[in-house]
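Fold and geometry: a report
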Amino acid sequence: MKSTMNKSILAGLLLSLGMVGNANAAECIAPANPGGGWDFTCRTIGKIMHDIGAVDKPIQVTNMAGAGGGLAFNHVVAERNDDADLIIAASSATSTRLAQNAYAGRVAADVRFVGAIGADPGVIVVAKDSPFQNLGEMLEAIKADPGSVAFAGGSAVGGFDHLKPLMLLQRVGFTDITKVKYIGVDGGADAITQTIGGFTQAMTGDMSEIVGFLKAGEIRVLAVLTEERVPGFDDIPTAKEQGFDVVAVNWRGLYVPKGISDDAFDSWADKLQQVADSAEWKEAMVANGLAPFTKVGGDFQSYIDGVVDEVRQLSKDIGVIQ
Amino acid sequence: MDIMSNLALGFSIALSPYTLFLAVIGCFLGTMIGALPGLGPSNGVAILIPITFTLGLDATSALVLMTSVYYGAMYGGRISSILLNIPGDEPALMTTLDGYPMAKQGRAGDALVLSGVASFVGAFLATVGLLLLAPLLARVAYLFGPAEYFALYLLAFCTLGGVASNNQAKAAIASCIGLGIAMIGVDDNSGMPRLTGGNMHLADGIDFLVAIVGLFAIAEVFFFIEGHGRNSSIGVKLEKVVVPWRDIWLVKWTMLRASLVGFVAGILPGAGASLGSFLAYMSEKSIAGKEGGFGTGVAKGVAAPESGNNAAAGGALVPMLTLGVPGSGTTAVLLALLMTLNITPGPTLFTDRPEVVWGLIASLLIANVVLLLMNVPLVSFFVRILMVPAWILLPGVTMISFVGIYSLSGSYFDLLLMVAFGVLGYVLRKLDVPTVPVILGILLGGHMEDALRRAMVLSDGDFMYLFSSPIAIGFWIAAILGFVAPMFLRNVLAKPQRVTD
């Protein structure tokens, strides 16, 4: 009986060791707990890379939550700068935090961004019984009385969800941005629950977070923050066509350590491109409300540089950073 | 009749030899994961997600496996709570209060069987609640804004002082320590780091599992070393395991009430299983009154938190399936699994993908029955763990905890932090300050503060906003009448109030 017990303890131990990692297979770090967007990126891209034969062993996913991705970023830069078998999930949250210097002095140039293969379009949403029929009406109401509209979003104050309505208000010349009410809750679905419940007047978030509620007819999407209308959601107007030129998408992609060879970098870029072209990824994008957004390789690096500059300026304007 | 045909559809999907086999495997793995300190249900499920991909399981099979692990872990958490006084995961925290004293009286087997049955009742009722009422209950989440959540957490906090039976002041101090620890990390309402000392590892605050393993398991090791193994509290008397029918019958109403409390707490996004088991325990304690003997190893004290946390586990599936809002850490992981399987939970899931929903519900029912059948006979096996000498058992458990905690963040910082918590736990126990309120302070304090801060943003700092809805007012009244007032009235009233059971 005792040996049976020892065996089960051993089994438990092996189970825990299993996730610490295996030196032969490539590793994808999701810089958050299981269940979020980064975790999805690692698991989905990793799974598809293996399914289509781009890698011969399944990619190990490691969750390294902490400091909004800062812990993983720091870990990669400081300890694994030349690990060619390592990819890390990234999104707009990564570039936003880099722009706001939230990674303890680390900058975007400390790693190499491989690419993005899909983006979650930003949306501004109200409950179905809201008096606001379009984006213009809401922005006017905020200009008249900033306290009358409170936003809920899935990111902390100063995070990407918070910046979306602020960017819109900046376009209509509203500068007293600190007066805008925003509460950061635990994720987009929670934000939408608060909005349908009437505790906040609007929700700022990503398309993927609202799909179910949209189908159920509980909400009205005032605007999607993309260049063009999103396929599959053709009746939702963009902010741009309503006269407010704001594009804010939450891209999903990867970065790798800076110290790896150009060959290794190109190899990851190629694998990522293969995923982007696969039928499996297209299916996953549709199911998760992602819009096509493929930028891989050098193209993506310059995109990141542009985004970081823009967000840094905006964050200074609104006083999130000095 | 609609439900019956839906359920039939569910069982036709979930009930095949293969899925039954997966359920048994899942239940066993889950029980082990739950029982090991440092491995909670959420990282247990997360560890196993890649396995579902490697095995190439289809959506239903993957769901069956994962929900069995989920329910299994909720069952398993109680085992180390009862036998070792070390909670296997945070919802099992409250089970230590009466489970371990019961085991010390030589009734470890009784406590395990009883808590197993209570877990079954809680999980079963919650699953039935999920199946009958899920679309309806989803609306409950819309009724809870910052003010309501604040009042709910306040209610929980008012009861904290009563957790420890001997000294309320010390319990209050302990919960304040917990509150202080909960302040560590980046403040969501300003984006500013607090009390982190510039250390990035502290930016997300302190994980409950780190605190639990430190305060319980590591502190136990320190005591063991100090006493050269003689004074260890591990090593309880053993006796023949029989099913304690009398006790089970005695706690029937406790199980029902605790299941209801736990289920409601589970439905509320963000509250989760820990709050469920805590409120279930505290409400039963106040119903039983002083004569109830809670904290000394009574049957009700074992049954209430177990029914509560298992019911909460089922309840947490309601907002996850109907709103896509995870009610707990584990449901967040399950949500991720659903998304990876190209299933988007939300208000339309019940109509769009009935085979998924009813397959899931059927697999929950299957897992629950499997767990009961597996757990009761296994009790005699688990009890034998106590025959292992403490000098082998304790380091073994500690080693597993270290591995488990390391898997949380993959950084050694958490290990150092865990040892620091061990020292804290040792000091607190030397001073006879209970450690359970510390954990609850960490667990509830962060949520309560968030709710208050959000309420203040929305109301421009008007405190009357906190009393702005009937639900919030109801919680305030319950907090004041039920828990605060008796503390002051106790001195006024000559006799302690008698509460009939």
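Residues numbered from 1 in each chain as written. Chains lettered and ligands numbered in written order. Predicted model: local features only at pLDDT ≥ 70, side-chain atom pairs only at ≥ 80, totals over all residues.

**Comments concerning the overall build of chain B**
Along the backbone of chain B there are 20 helices and 2 strands. By residue count, 61% of the 501 residues in chain B fall in the buried class. Long-range contacts, defined as pairs at least 24 residues apart, comprise 79% of the intrachain contacts of chain B with a sequence gap of at least 6. (Helix = DSSP H or I, 4+ residues; strand = E, 2+ residues; numbered from the N terminus. Buried ≥ 20, exposed ≤ 12 C-beta atoms within 10 Å, placed from the backbone. Contact = placed C-beta atoms within 7 Å.)

**Some remarks on the overall build of chain A**
Helices and strands together make up the secondary structure of chain A, namely 11 helices and 10 strands. Here the C-alpha radius of gyration of chain A, 21 Å, is about what a compact globule of 322 residues would show, namely 20 Å. Counting only C-alpha atoms and orienting by the principal axes, one finds that chain A spans roughly 70 × 50 × 40 Å. Expressed as a percentage of the 322 residues in chain A, the buried residues total 55%. Here the contacts in chain A between residues at least 6 apart in sequence split such that 77% fall between residues at least 24 apart. (Rg over C-alpha atoms; globule rule 2.2 N^0.38 Å.)

**Structural notes on helix H4 (residues 59–84) of chain B**
All names here are of chain B. For H4, spanning 26 residues, the distance from its first C-alpha to its last is 37 Å, which sits close to the expected 38 Å at 1.5 Å a residue. Of all the bends found along H4, the most pronounced is centred on methionine 74 and spans about 25°. Within H4, 26 of the 26 residues are buried, which leaves the element mostly enclosed by the surrounding structure. (Expected span 1.5 Å × (residues − 1). Bend = angle between axes of the 7 residues up to and from the residue.)

**Here we look at the packing of helix H8 (residues 208–226) of chain B against helix H18 (residues 413–430) of chain B**
Residues and elements named next belong to chain B. Interaxial distance between H8 and H18 falls to 7 Å at its minimum, and their mutual angle equals 60°. Accordingly, the angle class assigned to the pair H8 and H18 is oblique. Note that H8 runs across H18; the crossing there is right-handed. When H8 is examined against H18, the residues Val210, Ala211, Val213, Gly214, Leu215, Phe216, Ile218, Ala219, Phe222 and Phe223 are found in contact with a partner set consisting of Asp414, Leu417, Met418, Val419, Ala420, Phe421, Gly422, Leu424, Gly425, Tyr426 and Arg429. A class-by-class count of the residues in the contact of H8 with H18 yields 16 nonpolar, 3 polar and 2 charged. (Axes fitted to C-alpha atoms, helices over the stretch in contact; angles between N-to-C directions. Parallel < 35°, antiparallel > 145°, perpendicular 65-115°, else oblique. Left-handed = near helix turned anticlockwise from the far one by under 90°. Nonpolar A, V, L, I, M, F, W, Y, C, P; charged D, E, K, R; others polar.)

**Quick notes on the domain arrangement of chain A**
Residues and elements named next belong to chain A. We note that the domain assignment places domain 1 (24–120 + 249–318) and domain 2 (121–242) within chain A. Placing a centre on the C-alpha atoms of domain 1 and another on those of domain 2 gives a separation of 26 Å. Counting only elements with at least two residues in the side of domain 1 that touches domain 2, the list comes to helix H4 (92–99), strand S4 (111–127), strand S9 (249–257) and helix H11 (298–318). Its residues placed into classes, the side of domain 1 that touches domain 2 shows 9 nonpolar, 7 polar and 1 charged. (Domains from an automatic or database assignment.)

**Observations concerning the pairing of S9 of chain A**
All names here are of chain A. With 9 of its 9 residues buried, S9 lies for the most part within the structure. Sheet analysis places strand S3 (residues 86–91) next to S9, joined by 4 bridges and oriented antiparallel. Note that in S9 the partner of alanine 90 across the bridge is glycine 253. Two strands pair when backbone bridges link them, and S4 and S9 are joined in this way by 8 bridges, in the antiparallel orientation. Bridging from a neighbouring strand, glycine 115 pairs with leucine 254 of S9. (Pairing = 2+ DSSP bridges.)

**Observations concerning the packing of helix H7 (residues 168–182) of chain B against helix H19 (residues 436–458) of chain B**
Residues and elements named next belong to chain B. Interhelical geometry of H7 versus H19 gives an angle of 45° and a closest axis separation of 7 Å. One element, H7, and the other, H19, form an angle in the oblique class. You can see that H7 and H19 cross each other, and the crossing is right-handed. Across from Ala171, Ala174, Ser175, Cys176, Ile177, Gly178, Leu179, Ile181 and Ala182 in H7, the residues of H19 making contact are Pro437, Val438, Ile439, Leu440, Gly441, Ile442, Gly445 and Gly446.

**Quick notes on the environment of arginine 453 of chain B**
Relative to the assigned elements, arginine 453 of chain B resides in helix H19. Taking the C-alpha atoms as reference points, arginine 453 of chain B and proline 434 of chain B, 19 residues apart in sequence, are found 29 Å from one another.

**Re the confidence of the model for chain A**
For any part of a model where pLDDT is low, the fine detail of the predicted coordinates should not be relied upon. Counting all residues, the mean pLDDT for chain A is 86, and 92% of those residues have values of 70 or more. With pLDDT under 50 throughout, residues 1–23 of chain A is counted as low confidence; its partners more than four residues away or in other chains account for 28 contacts. (pLDDT = per-residue confidence, 0-100.)

**What to know about the environment of valine 77 of chain A**
All names here are of chain A. Relative to the assigned elements, valine 77 resides in helix H3 (residues 70–79). Measuring from C-alpha to C-alpha, the distance between valine 77 and glycine 259 comes to 8.9 Å, with 182 residues separating the pair along the chain. Beyond its immediate sequence surroundings of up to four residues, valine 77 is in contact with Arg106, Asp110 and Val111.

**Structural notes on H7 of chain B**
Residue and element names in this part refer to chain B. Helix length check: H7, at 15 residues, gives a terminal C-alpha distance of 21 Å against a target of 21 Å (1.5 Å per residue), a fit within 8%. When H7 is considered as a whole, its buried residues turn out to be Ala171, Ala174, Ser175, Gly178, Leu179, Ile181 and Ala182. Buried residues in H7, looked at end-on, bunch into an arc of 160°, giving them a common side. The secondary structure elements touched by the buried residues of H7 are H18 and H19. (Arc of directions from axis to C-beta.)

**Description of the confidence of the model for chain B**
Overall, the predicted model of chain B reaches an average pLDDT of 82, with 89% of residues at or above 70. Complex prediction metrics read pTM 0.82 and ipTM 0.80.

**Quick notes on the environment of arginine 78 of chain B**
Residues and elements named next belong to chain B. Mapped onto the secondary structure, arginine 78 falls in helix H4. By the C-beta count within 10 Å, which is 36 here, arginine 78 ends up buried. Sequence-wise, arginine 78 and glycine 34 are 44 residues apart; in three dimensions their C-alpha atoms are separated by 7.8 Å. When residues no more than four places from it in sequence are discounted, the contact partners of arginine 78 are Ala92, Thr95, Gly99, Ser115, Ser119 and Glu306.

**Focus on the pairing of strand S1 (residues 27–30) of chain A**
Residue and element names in this part refer to chain A. Where S1 lies against strand S2 (residues 60–63), 4 bridges are found, and the strand directions are parallel. Its bridge partner being in S2, alanine 30 is matched across the sheet by asparagine 63. Strand direction decides the pairing type here: S1 and S3, joined by 3 bridges, are parallel. The residue bridging isoleucine 29 from the neighbouring strand is isoleucine 88, located in S3.

**Brief notes about the nonpolar core**
Membership of the largest hydrophobic core comes to 281 residues, with the highest contact counts inside it found for Ile88 and Val125 of chain A together with Met66, Phe150 and Ile439 of chain B. Tallying contributions element by element places helix H5 (residues 95–142) of chain B first for this core, with 21 residues. Mapping this core onto the domain boundaries places at least three of its residues in each of domain 1 (24–120 + 249–318) and domain 2 (121–242) of chain A. Those residues in contact with isoleucine 439 of chain B that lie beyond four places of it in its chain are Leu93, Gly178, Phe208, Ala211, Ile212 and Leu215 of chain B. (Core = buried A, V, L, I, M, F, W, Y, C linked by C-beta atoms within 7 Å.)

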